[in-house]
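# Descriptive analysis of the structure
Single-letter residue listing:
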Amino acid sequence: MVALRVAFVGKGGAGKSSIAGTFARQLARRGEKVLAVDSDPMPGLSFSLGLGAIDVAIPDEAVQDQPEGSEGPRFVLREGLTAATAVERYATVGPDGVYLLQFGKLRGAPAELARSQVAFRQIVAELPVEAFSIVGDLPGGTRQPFFGWARYAATVLVVVEPTAKSVLSARRLARLARDKEAPQQILAVVSKARTTSDAEMVRAKTGLDVVASIPWDPALVESDRLGVSLMDYASASPAAKAVESLLRAIAPAVVA
């Protein structure tokens, strides 16, 4: 088992959830046991995995309060509940056998998800490397990849549209990659590319190596509009094939 640990991040609307879900499905079809982890408080990854609109936060019963005066977080997984057992119990299993673990979607005050979020972080941090390959979907923005939420990821993939705003966000992420808590590598994935020069432009303006270029594809646009997985709507489309090239680049041993 290859046991990849990757996370996708990018400006909102860049297409990271669609690419992450397609990547996870393709990885699972090659015999890997895949855990998709969704720490984005907005909906997205469940649609791209083919699960539709689901919101299954880790329940409060999964955690217990630390004794007063204890070091570390206020909440921890309850005694006897391991990270691997928690995944089997609380993750949703979708098409191609992909497991999806969510910390929950915002509906009111963020404090309502405090227990679920703490449990989510502990599960991902303590899950044995050999148990699952992990594919993460991070919120749009610049903080999560390098400040706690993506510590599980050896590789962070910045999804970049060939637009000024998206490139600016990617440049900021590239600077943060110098932080001591940064992942082993941070790479760029061009999304919605329309010309062959888009990848070179992103590389030149962000300083990030471009590992794949996902073309603008009507099939991907339509699958997003319908709220279905690209793998169920058009698995042989140009965008799906480009995600396969990304998988080949990240994990050549997985793709024959």
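Here we summarise the structure given alongside this text. Quick caveat, the model's predicted, so the values are computed rather than measured.

Reading the values: rules and limits
Residues numbered from 1 in each chain as written. Predicted model: local features only at pLDDT ≥ 70, side-chain atom pairs only at ≥ 80, totals over all residues. Heavy atoms only, no water. Core = buried A, V, L, I, M, F, W, Y, C linked by side-chain atoms within 4.5 Å. Buried < 20%, exposed > 50% of the residue type's maximum accessible area, 1.4 Å probe, protein only. Contact = heavy atoms within 4.5 Å. Phe/Tyr/Trp six-rings, centres within 6.5 Å; stacked < 30°, edge-to-face > 60°. Helix = DSSP H or I, 4+ residues; strand = E, 2+ residues; numbered from the N terminus.

Time to look at the nonpolar core. Counting residues in each nonpolar core, the largest one holds 43 residues, and the members touching the most others are Leu35, Leu101 and Val158. Residues within four places of Leu101 in sequence aside, it is in contact with Leu35, Ala36, Val37, Asp38, Ile58, Tyr90, Ala91, Phe120, Ile123 and Val124. Membership of the second largest hydrophobic core comes to 36 residues, among which are Leu27, Leu49, Leu187 and Ile214.

The next thing to look at is the packing of aromatic side chains. Under the defined criterion, the tally for this structure stands at 2 aromatic pairs. Ring centres 5.6 Å apart and planes at 70 degrees place the aromatic pair Phe8 and Phe23 in the edge-to-face group. A residue pair is termed long-range when its members are at least 10 positions apart, and Phe8 in strand β1 (residues 5-10) and Phe23 in helix α1 (residues 16-29) qualify at 15 residues. Each member of the pair, Phe8 as well as Phe23, is classed as buried. Seen in terms of ring centroids, Tyr99 and Phe132 are 5.1 Å apart; in terms of plane orientation they differ by 75 degrees. Their pairing is edge-to-face. Taken together, the residues span a long stretch of sequence, with Tyr99 in strand β6 (residues 99-102) and Phe132 in the loop between α4 (114-126) and β7 (133-137) at a distance of 33 residues.

What follows concerns unusual backbone geometry. One non-glycine residue with positive phi stands out, namely Asp96, at about 65 degrees. Tracing the backbone through its elements, the reader meets Asp96 in the loop between β5 (92-93) and β6. Exposure remark for Asp96: the relative accessible area of 35% places this residue in the partly exposed category. A positive phi angle is found at Lys192, which is not glycine, with a value near 60 degrees.

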